[in-house]
Amino acid sequence: NAFRTPSIENINLNQEIKAEKTNVVELEMGYKLNENMFLTSNLFYILINDPIVYTLDVENDTENYENYKKTGTQGIEIQYLAKYSKWWLDFSYAFYSAKNLNKVGPYSVEIDGDINENILQGSPQHKLTLKGAYNFNENISVAPSVVYMGKRYGFIMDDQSQSSFDPTLLLNAFILYKNIVIKN
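Here we summarise the structure given alongside this text. (Residues numbered from 1 in each chain as written. Predicted model: local features only at pLDDT ≥ 70, side-chain atom pairs only at ≥ 80, totals over all residues. Heavy atoms only, no water.)

### Focus: the pattern of salt bridges
Throughout the structure, instances matching the rule amount to four salt bridges. Between Arg4 and Glu20 there is a salt bridge, and its shortest N-O distance comes to 3.4 Å. With a gap of 16 residues between them, Arg4 in strand β1 (residues 2-4) and Glu20 in strand β2 (residues 20-32) connect regions that are remote in the sequence. Relative accessible area serves as the criterion here: at 10%, Glu20 is assigned to the buried category. Lys18 is paired through a salt bridge with Asp50; the nearest N and O atoms lie 3.7 Å apart. In this pair, Lys18 is assigned in the loop between α1 (8-13) and β2 and Asp50 in the loop between β3 (37-49) and β4 (52-57), connecting sequence segments 32 residues apart. Taking relative accessible area as the criterion, Lys18 reaches 44% and is therefore assigned partly exposed. (Salt bridge = Lys/Arg side-chain N within 4 Å of Asp/Glu carboxyl O. Helix = DSSP H or I, 4+ residues; strand = E, 2+ residues; numbered from the N terminus. Buried < 20%, exposed > 50% of the residue type's maximum accessible area, 1.4 Å probe, protein only.)

So this is what it looks like as structure tokens:
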């Protein structure tokens, strides 16, 4: 259980704002395949009661913070991890649904005139991550990563209508060189 108290700006715009309360239930299971490989899965259920939500009335140019009834997600994450002395690899998949949990209008996604209860604004339902590292020696290592995010929905600043964003593939590479000028 957790809570978030309203900030000063929340209270400035709405004297009646209440703290939001979060309840999380998780079940994590893992299996050690061998000395270097692990497989884990995590089932989760997250419920936020009285979420504090920013709203903007475009016609009257007024901002506000208000409590909505609830929002949340439920889903699964699966992870495979391999760790060796010179390298490691981490592959994970995550899926969520907001079905029967989201009652926050601004977080809802409308597709072809119907509200899709499974999806939240800005959040891909599917996410794949592959990351790893290789140590060439005690001073030089490289750590690439690949992140795939499924289709997302949201708003573009100058446009008041919802947009869909195609799946995204992010590539990253990090190179570490230790002791380049000063040892340790």
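### Examining the sheet that holds β2
The strand order across the open sheet built from eight strands is β1-β2-β3-β6-β7-β10-β11-β14, with neighbouring strands paired in antiparallel fashion. The open sheet is flanked by β1 and β14 (168-177), the only strands paired with a single partner. The mean angle between the axes of side-by-side strands here comes to 15°, regardless of whether they run parallel or antiparallel. Relative to strand β10 (residues 126-135), strand β7 (residues 87-97) runs antiparallel, the two sharing nine bridges. What sits directly across from Asp90, in β10, is Lys131. (Pairing = 2+ DSSP bridges. Axes fitted to C-alpha atoms, helices over the stretch in contact; angles between N-to-C directions.)

### Description of the side chain of Asn10
With respect to the helices and strands, the residue Asn10 is situated in helix α1. Take Asn10: its relative accessible area is 6%, and that puts it in the buried class. Those residues in contact with Asn10 that sit more than four places away from it in its chain are Ile17, Ile52 and Tyr65. (Contact = heavy atoms within 4.5 Å.)

### Some details on unusual backbone geometry
Backbone geometry at Asp50 places phi at a positive 55°, although glycine is not the residue there. You will see that Asn100, though not glycine, has its phi angle at about 65°, which is positive. Assignment of secondary structure puts Asn100 in the loop between β7 and β8 (109-111). Judged by its relative accessible area of 52%, Asn100 falls in the exposed class.

### A word on the side chain of Thr73
Examined against the element boundaries, Thr73 turns out to sit in strand β6 (residues 70-83). Its relative accessible area of 14% is what places Thr73 among the buried residues. Residues within four places of Thr73 in sequence aside, it is in contact with Phe44, Tyr45, Ile46, Tyr96, Ser97, Ala98, Leu101 and Leu120.

### Things to note about the environment of Ile52
With respect to the helices, strands and loops of the structure, Ile52 is situated in strand β4. Each C-alpha atom, one on Ile52 and one on Lys151, is 26 Å from the other, the two residues being 99 residues apart in sequence. Excluding its chain neighbours within four sequence positions, the residues that come into contact with Ile52 are Arg4, Thr5, Pro6, Asn10, Ile17, Lys18, Glu20, Tyr65, Glu66, Asn67 and Tyr107.

So, to be careful, I would describe these as geometric facts and stop short of saying anything about function.
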